[in-house]
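Structural overview for review
Here are the chains, one letter per residue:
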Amino acid sequence: MSYNNQQQDCCNCFDKIDERVFQYSNQNFGIALCRPCQDWFRGILACTSATDASISLYFALRLRGVPAELEKHDGFKTIDIAVPDAKVNIEVDGEHHNKNSQQAMRDLDRTLYAYKKGFLTLRIPNSLVKSNLDQAADKITEYLVVSRDRKFRR
Ligand SMILES: [Zn+2]
């Protein structure tokens, strides 16, 4: 997460924020957020199991103009990052998703459930987010744009 965002905009909603709010938010959350978005983010941290990798990717996508939603419940499970506009769910997976076959089967169930509702699931290893966030976020954004533009033809 960026600690040196010189632009004084909220990283979630892009409203202008003053110096004091900017400093407070960076110190407490490691990212610049306006007051309402700080409340929202506190809720995410307190009430969800969002990982650092999915939070980093979420803000990188927001920065690229993606109308993403963090920790969205779809009636079955909570999606790490949902992009309803593109009909894509993004799951940021740790290593156990590869090594644990029961977990892998649950993931497949979820992928099927989402697909029946018209949503593609994009699985991103958290190692990629940690090692190459910007390039990964660029490619995911490109994927989302293609999916959004195809949505009405699927
Ligand atoms: Zn905000």
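This structure is a prediction, so every number in the text was calculated from the model and none was measured. (Residues numbered from 1 in each chain as written. Predicted model: local features only at pLDDT ≥ 70, side-chain atom pairs only at ≥ 80, totals over all residues. Heavy atoms only, no water.)

1. What about the sheet that holds strand 4 (residues 120–125)?
Read across the sheet, four strands follow the order 1-2-3-4 without closing on themselves; strand pairing throughout is mixed. Two strands lie at the open edges of the sheet, namely strand 1 (69–73) and strand 4, each paired on one side alone. Going from strand to strand, the sheet's axes swing by 40° on average, the running direction of each strand aside. The sheet contact formed by strand 3 (residues 88–93) and strand 4 spans six bridges and is parallel. The partner of valine 92 across the bridge, within strand 4, is isoleucine 124. (Pairing = 2+ DSSP bridges. Helix = DSSP H or I, 4+ residues; strand = E, 2+ residues; numbered from the N terminus. Axes fitted to C-alpha atoms, helices over the stretch in contact; angles between N-to-C directions.)

2. Concerning the pairing of strand 3
Within strand 3, six of the six residues are buried, which leaves it mostly tucked inside the rest of the structure. Burial along strand 3 is two-sided: Val88, Ile90 and Val92 facing one way and Asn89, Glu91 and Asp93 facing the other are all buried. Here three bridges tie strand 2 (residues 78–83) to strand 3, and the two strands are oriented antiparallel to one another. Each residue of the ladder has a partner; that of alanine 82, found in strand 3, is asparagine 89. Between strand 2 and the antiparallel strand that follows it, strand 3, lie four residues; lysine 87 among them carries a positive phi value of about 55°. (Buried < 20%, exposed > 50% of the residue type's maximum accessible area, 1.4 Å probe, protein only.)

3. As for the domain arrangement of the protein
Size of an interface: often given as the accessible area lost when the parts come together. Assigned domains within the protein: domain 1 (1–47) and domain 2 (49–153). Taking the mean C-alpha position of each, domain 1 and domain 2 sit 23 Å from one another. If you look at the interface, domain 1 gives 11 residues, while domain 2 gives nine residues. Interface of domain 1 and domain 2: buried area, both sides summed, is about 840 Å²; carbon and sulfur atoms make up 71% of it. Counting across the interface, domain 1 meets domain 2 through zero salt bridges. (Domains from an automatic or database assignment. Contact = heavy atoms within 4.5 Å. Buried area = accessible area lost by both parts, 1.4 Å probe. Salt bridge = Lys/Arg side-chain N within 4 Å of Asp/Glu carboxyl O.)

4. Observations regarding the nonpolar core
Nonpolar side chains in soluble globular proteins tend to end up buried together. Core analysis: the largest hydrophobic core is formed by 36 residues, its most contacted members being Leu57, Leu61, Ile81, Ile90 and Leu144. Elements with a contribution of two residues or more to this core: helix 1 (19–29), helix 2 (35–47), helix 3 (52–63), strand 2, strand 3, strand 4 and helix 7 (133–150). If you count residues domain by domain, this core takes at least three from each of domain 1 (1–47) and domain 2 (49–153). Among residues more than four places away in sequence, those in contact with isoleucine 81 are Ser54, Leu57, Tyr58, Leu61, Ala68, Glu69, Leu70, Val88, Asn89, Ile90 and Val92. (Core = buried A, V, L, I, M, F, W, Y, C linked by side-chain atoms within 4.5 Å.)

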